[in-house]
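In case you want the letters, here they are:
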Amino acid sequence: MDGPTTFRILGPLDIRRADGEAISVSGAKERALLTRLLLEPGRAVSDERLLRDVWPEADDATSLRESLQVRISRLRRQLAGAARITRAGAGYRLDADPEQVDATRFERLIGESADAAPSEAVRLLEQALALWSSPPLAELSENGGDGHRERLMRLEREARTRLGHSLSAAGRPARAVPELAALAAEHPLDEAVATSLVTALHADGRSAEAVDVHRATVERMADEGLDPTPGFRALVTDVLRHDVTTHPRTFPRLGPDTEQDLGRPSFIGRRRELDDVVDALVAGATPLVTLWGPGGVGKTRLALEAARRTVGAFDEPPIVVDASRLESADQLSASVARAAGIVEQAAGPPDLTAAFRGRSVLVVLDNMEHLLDATDVVGSLVAAGGGIRVLATSRAVLGLGVERVQRVMPFPLQVGAVGDVDARTFLVRRAEAMGARLSAEPATEGDPLTQIAHRLDGLPLALELAAARLRTLSPSTLNQQLSSTLGVLGSLRDLPGRQRTLHATLQWSAELLDDDARDLLGCFGGFAAPARLGAVTAVSGTPDVLGPLTQLVDHALVHHVPTADDEGAYATLETVTEWATSQLRTTDRLAEVQARHADHFLDHAHEVTADLLTGEQVAATARLTEQEPDILRALVHARDHGDPERLRRAVLGLWRWWFGIGANRTAVEWLEQAAALDDGDPDQVRVLSLLGLSHASLGQREQALAACEACEEVVGRTGLDPASVPEVDGARWTHRLESGDPAGAVDAALTAAHTYRTTGRQVLASEMLVRAGVAAAGAGDLDLAERLHQQALPALRAQGPRWELAGAHNNVAHLALARGDAKAALTQVRTALELFGRLPMARDDWIAYETLMSIRRVLGQVEEARHAATEAMRRSARAGDRAALTRVRLELAGLEVDAGAPAAAAEQLLDATQDELAPQSRWQLLATAAMVLLAAGDGGGAAIAAELAADEEPDPTLVNGHELRGALDRARRADGEAVSFHALVGHLESVRAAR
């Protein structure tokens, strides 16, 4: 066959050879059998299931086994040369790539759309729905198929619903409405469909129709005796308030420094300011908008609302970084990178310009006033251009040339101010939302509520604190209290006028608390991120904090915010945190609270990091990411207060988390500090071993060798038995691999694996087997490499989805492809991709897409290979991994040569030359250049590439290494000119220009 046969079962059975010729299959049962086998291509389907699904009407299907064999025999003859059916155990298997079957592609495309940006999701879903031809599985009887038909029809409905929602989110609601209206007519009781239709109508400016659709759906459900969910009931209120989001994701909490105010009440007022910000970011394409104003004026709330309103204008959810706890430009740069999924590189702070180039996302930098010397970080984001927008909040102007400053003022004091909500109205709405019952007296200049709003200068935070009191005090009583209290507390002459009002209001609010609640409020000055109940209890030093904590929440001083596991946490606004910290200093409690804070988070980190070795890795990673600001604060406290043993223990646990999320520079920084404790303890050896590995992962060969040699020095000096500390052999693995001795590295890893196994640590033993396999591949022994990986997989699988398991499956896929088994490789890489998709720290998922590209290339599936390459490049670029991006470009260049497009291949190579290349990547680039130039008929240029490649070391694990070596051999026979890399680039540019 010149290409793969394709099968369609999402409708009448249709089989086509690669050239489009139809293959006819006669016989109803034969067609039904083929359809059933195509539901599970490449997998065995038992006789019992085939009999049950193809002969569902039979009373005793077992009596039809002979008929099954006859039908299979006939089917084999009809498919001769197009597909093969083999006996597999007690069943039959159709030997076909799942991607040859439209139903498999249909499910894959829908699955990929779930995490895609709106515009990409539209493309994927349209591709999926183009495959649909109702009814599916037409060859199976109504009772056959074991629920497969129903499942496919549910998927088709889900795809249509998602398409409508994604169209709205991508800014195309007018196109979404007719699609969703037709679907709603078919499924009038489906809340998900109705929700998407209401949302699309609202986004298209047809709110009245949206309300009508909602009302009709609720009435129809009532007629059927069904109750709408609370979320669907509330949807109409959101429409009326113009508070509907069209993005399929909820507002994200994307990093350890993300905003803390998710639990705040709904946005009130500021419509004009909000419209100005949104217009500047979207319509005006302003690269940097700074919301400027005093503390407590509502800058954060306005920024977050603007981010929520603009979600559909960008391809990615907003990235939100709370800069209030950061102290330097490097910390700001690292926090932005972490929130954006950018891995740390050896060279220093991340290159945000390069990492963000080509992306479409809003970056919110909250509380920037104390980081005015970090404006270069903001400038690097702006320099990325394209779809990057930055929205900052600050009490001071940043001073950048491209900055648009929008001043945020308190609510206007004039009652009934034109065009916006006045301070009195905000106070009333917030008080009523908190449960206060206020009389409906008309607003006048002299009524108590108006006077309260004036006393508090219209500051939203001060008004919020006062609103909490209106549940228990009448407006007149509260006004009298404020009149007497603020007169005394307002004597903070060292503060600007409005800030005196705010601090005085906070002081007044605190004095109305009981002693326990007031002390607890002070403890919030010790936290760097939202704190869970256990952390609040530990840091307060009080066994029962629920009563005082409830009081703080009731008084709007503390807010409950959501967490990924629904437990929730407690947070304060930055202004409240500043006040709480000042109170700790005033009462000499700061050192005591900081010590309890460090004790709790170091102990908690030790407990949570233990789960990184288990099936709880995903949950543990989420918890550590959420609490990273507090964990880092605790590490600093241990370092600065003379507790090196505790610091070392915490760092040893946290290393695996840092390594998994790509924070290798952070790992190196803390491992070096932990290594300063020179006591000959086994933990010192463990730290040095991990330090060597972390340096190696950053490409810092000399530092890696030095750390491993220091590890050996400690062992030699103390007489420590390596058999009791397998990390010694782990260091030897790193040293030998970095020294060019992969065979020796295999021996070291196997010794470490044996030690771990004999001490009952099976997961660590399996991880060392994987390392041994990596070294074996480097030594050119691919059979041994694959055997070692296969030995490691059972113990890794037993722990559930983990980053290490996903990486191992990808390695096995790569090795299977190297020995020519593309189908086995495809199975392994799909497993790897499925695992990476379930992991929050899947920074290396691009590797699996690169492997998938190689597999598709070997299978001759050019378009699918290009799609995988595009995804690999997108993910590696988004992670800021330039070396990874180069690797993919080199592989893609080879693919373009296969496709007869040497100009496109040359373009990829020229892009790859823009970055510094690792030694083995240099050989691959030069060998690929020789192949490209030969394909373009440029023998002279190919000869230059071949001569340059002779001085480089090839990578023995390259799947297409034989092909590249062959290209070099051919190129060496060509006549060449003067040899230089510059000359080679000139030849490639000539090939590209011919495009």
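Computed from a predicted model, the values in this text were never measured in an experiment.

J.: Requested: an account of the overall build of the chain, with residues and values cited.
T.: Helix and strand counts for the chain come out as 45 helices and twelve strands. Looking at the chain as a whole, 55% of its 995 residues are labelled buried. Within the chain, residue pairs in contact and separated by at least 24 positions form 69% of the contacts whose partners lie at least 6 positions apart.

J.: Quick rundown of the pattern of salt bridges? Include the residues and the values.
T.: Pairing is possible between side chains of opposite charge, provided their charged atoms come close. Tallied over the entire structure, the rule returns 69 salt bridges. As a salt-bridge pair, Glu305 and Arg308 come within 3.0 Å of each other at their nearest N and O atoms. Within this pair, Glu305 and its partner Arg308 are both found in helix 12 (residues 299-309), separated by three residues, close to a single helical turn. One salt bridge in this structure joins Glu369 and Arg395, with 3.8 Å as the shortest N-O distance. With a gap of 26 residues between them, Glu369 in the loop between strand 8 (360-366) and helix 15 (375-383) and Arg395 in the loop between strand 9 (387-394) and strand 10 (403-407) connect regions that are remote in the sequence. Connected through salt bridges with shared partners, the residues Asp97, Glu99, Arg108, Glu112, Arg830 and Arg856 form a single ionic network.

J.: Tell me about the packing of helix 28 (residues 644-660) against helix 29 (residues 664-674), residues and numbers included.
T.: Where helix 28 meets helix 29, the closest approach of the two axes is 9 Å, and the angle between their N-to-C directions is 165 degrees. Taken as axis vectors, helix 28 and helix 29 run roughly antiparallel relative to one another. For the pair helix 28 and helix 29, the crossing hand works out as left-handed. Every residue of helix 29 that contacts helix 28 at Leu647, Arg648, Val651, Trp655, Trp658 and Phe659 is listed here: Asn664, Thr666, Ala667, Trp670, Leu671 and Ala674. Looking at the contact of helix 28 with helix 29 residue by residue, the class counts come to nine nonpolar, two polar and one charged.

J.: Break down helix 9 (residues 207-223) for me, citing the residues and quoting the values.
T.: Taking 1.5 Å per residue, 17 residues should reach 24 Å; helix 9 reaches 24 Å between its end C-alpha atoms and fits that length. Taken residue by residue, helix 9 has Ser207, Ala210, Val211, His214, Thr217 and Met221 as its buried positions. Taken down its axis, helix 9 places every buried residue within 125 degrees of arc, on the same side. Opposite the buried face of helix 9, at more than 90 degrees from it, the exposed residues are Ala208 and Asp223. Positive phi appears at Gly225, one or two residues downstream of helix 9, with a value of about 75 degrees.

J.: Which residues make up the pairing of strand 6 (residues 288-292), and what values do they have?
T.: For strand 6, the buried fraction is high: four of the five residues fall into the buried class. Note: strand 6 against strand 9, five bridges, orientation parallel. In the strand pairing of strand 9, Trp292 is matched with Ser394.

J.: Give me the lowdown on the confidence of the model for the chain, citing residues and values where you can.
T.: Averaged over all residues, the pLDDT of the chain equals 83, while 90% of them reach at least 70. pLDDT under 50 marks residues 487-498. Its contacts with residues more than four places away, or in other chains, come to 18 contacts.

J.: Report on the sheet that holds strand 5 (residues 91-95), specifying residues and quantitative values.
T.: With antiparallel pairing, the three strands of this open sheet are ordered in space as 3-5-4. Of all the strands in the sheet, just strand 3 (44-46) and strand 4 (84-88) have a single pairing partner and so form its edges. The mean inter-strand angle of the sheet, taken between neighbouring strand axes irrespective of direction, is 30 degrees. Across three bridges, the pairing between strand 3 and strand 5 is antiparallel. Bridge pairing in strand 5 places Ala44 opposite Arg93. The sheet contacts of helix 2 (residues 47-54) involve strand 3, strand 4 and strand 5, and relative to strand 3 the element is tilted by about 70 degrees. Relative to the sheet, helix 3 (residues 65-78) contacts strand 4 and strand 5, its axis offset from that of strand 4 by approximately 145 degrees.

J.: Please provide a residue-by-residue account of the environment of Ala535, values included.
T.: Its location among the elements puts Ala535 in helix 22 (residues 533-540). We classify Ala535 as buried; its relative accessible area is 4%. Along the chain, Ala535 and Arg596 lie 61 residues apart, while their C-alpha atoms are 9.7 Å from each other. Those residues in contact with Ala535, other than ones at most four positions away along the chain, are Phe527, His600 and Phe601.

J.: Lay out the packing of aromatic side chains in plain terms, naming residues and giving numbers.
T.: Within the structure shown, the criterion is met by seven aromatic pairs. Put simply, the rings of Phe524, Phe527 and Phe601 touch in pairs and so form one group of aromatic residues. A cation over a ring is seen here: Arg87 above Tyr92, with NZ or CZ 4.5 Å from the ring centre. Geometry around Phe411 places Arg270 over its ring, the cationic atom sitting 4.6 Å from the centre.

J.: Please set out the pairing of strand 4 residue by residue, giving values where relevant.
T.: The two faces of a sheet get side chains in turn, since along a regular strand they alternate between them. Judged from the five bridges that link them, strand 4 and strand 5 form a sheet pairing that is antiparallel. Counted as the bridge partner of Thr86 is Arg93 from strand 5. Hairpin connection, strand 4 to strand 5: the antiparallel pair is bridged by two residues, and Gly89 has positive phi, about 60 degrees.

J.: So what about the environment of Glu863? Which residues, and what values?
T.: Its location among the elements puts Glu863 in helix 39 (residues 862-878). In this structure Glu863 comes out as exposed when scored by relative accessible area, which is 52%. Remark: the alpha-carbon pair of Glu863 and Met853, spanning ten residues in sequence, is separated by 9.8 Å.

J.: Help me get a handle on the side chain of Arg802, residues and values and all.
T.: Among the structural elements, Arg802 can be located in the loop between helix 35 (782-798) and helix 36 (803-818). On the accessibility criterion, Arg802 (0% relative accessible area) is buried. When sequence neighbours within four positions are dropped, the list of residues in contact with Arg802 reads Leu612, Leu613, Thr614, Gln617, Arg656, Val763, Glu767, Leu796 and Leu839.

J.: Requested: an account of the environment of Phe106, with residues and values cited.
T.: Inspection of the secondary structure assignment puts Phe106 in helix 4 (residues 102-113). Along the backbone, Phe106 and Leu124 are 18 residues apart, and their C-alpha atoms lie at a distance of 9.5 Å.

J.: Describe the sheet that holds strand 9, and please don't skip the residues or the numbers.
T.: Taken in spatial order, the five strands make up an open sheet running 7-8-9-6-10, and their pairing is parallel. Edge positions in the sheet fall to strand 7 (319-322) and strand 10, since each of these pairs with one other strand and no more. Within the sheet, the average angular offset between the axes of one strand and its neighbour, ignoring direction, is 15 degrees. Bridge analysis of strand 6 against strand 10 gives five bridges, and the strand direction is parallel. Bridge assignment links Leu291 to a residue of strand 10, and that residue is Gln406. The strands that helix 11 (residues 271-281) touches are strand 6, strand 8, strand 9 and strand 10; relative to strand 10, the one it contacts most, it runs at about 170 degrees. Of the strands in this sheet, strand 7 and strand 8 are in contact with helix 13 (residues 329-339), which crosses strand 7 at around 145 degrees.

J.: If you had to explain the nonpolar core to someone new, which residues and values would you point to?
T.: Counting residues in hydrophobic clusters, the biggest one holds 177 residues, and the most contacted among them are Leu391, Leu521, Phe524, Leu552, Leu635 and Trp658. Tallying contributions element by element places helix 34 (residues 762-778) first for this core, with ten residues. When sequence neighbours within four positions are dropped, the list of residues in contact with Leu635 reads Leu602, Leu647, Ala650, Val651, Leu654, Trp658 and Trp670. Formed by 63 residues, the second largest nonpolar core is a distinct cluster that contains Leu10, Leu51, Tyr92 and Leu180.

J.: An account of the state of the cysteines is needed here, citing residue identities and associated values.
T.: Here a disulfide denotes one covalent bond, and it connects the sulfur atoms of two cysteines. All chains considered together, the criterion is met by zero disulfides. Summary of cysteine pairing: Cys708 is not part of a disulfide, and the nearest cysteine sulfur, belonging to Cys711, is at 7.0 Å. Relative accessible area serves as the criterion here: at 1%, Cys708 is assigned to the buried category.

Calculation rules
- Residues numbered from 1 in each chain as written.
- Predicted model: local features only at pLDDT ≥ 70, side-chain atom pairs only at ≥ 80, totals over all residues.
- Heavy atoms only, no water.
- Helix = DSSP H or I, 4+ residues; strand = E, 2+ residues; numbered from the N terminus.
- Buried < 20%, exposed > 50% of the residue type's maximum accessible area, 1.4 Å probe, protein only.
- Contact = heavy atoms within 4.5 Å.
- Salt bridge = Lys/Arg side-chain N within 4 Å of Asp/Glu carboxyl O.
- Axes fitted to C-alpha atoms, helices over the stretch in contact; angles between N-to-C directions.
- Parallel < 35°, antiparallel > 145°, perpendicular 65-115°, else oblique.
- Left-handed = near helix turned anticlockwise from the far one by under 90°.
- Nonpolar A, V, L, I, M, F, W, Y, C, P; charged D, E, K, R; others polar.
- Expected span 1.5 Å × (residues − 1).
- Arc of directions from axis to C-beta.
- Pairing = 2+ DSSP bridges.
- pLDDT = per-residue confidence, 0-100.
- Phe/Tyr/Trp six-rings, centres within 6.5 Å; stacked < 30°, edge-to-face > 60°.
- Lys NZ or Arg CZ within 6 Å of the ring centre and 35° of its normal.
- Core = buried A, V, L, I, M, F, W, Y, C linked by side-chain atoms within 4.5 Å.
- Disulfide = S-S within 2.5 Å.

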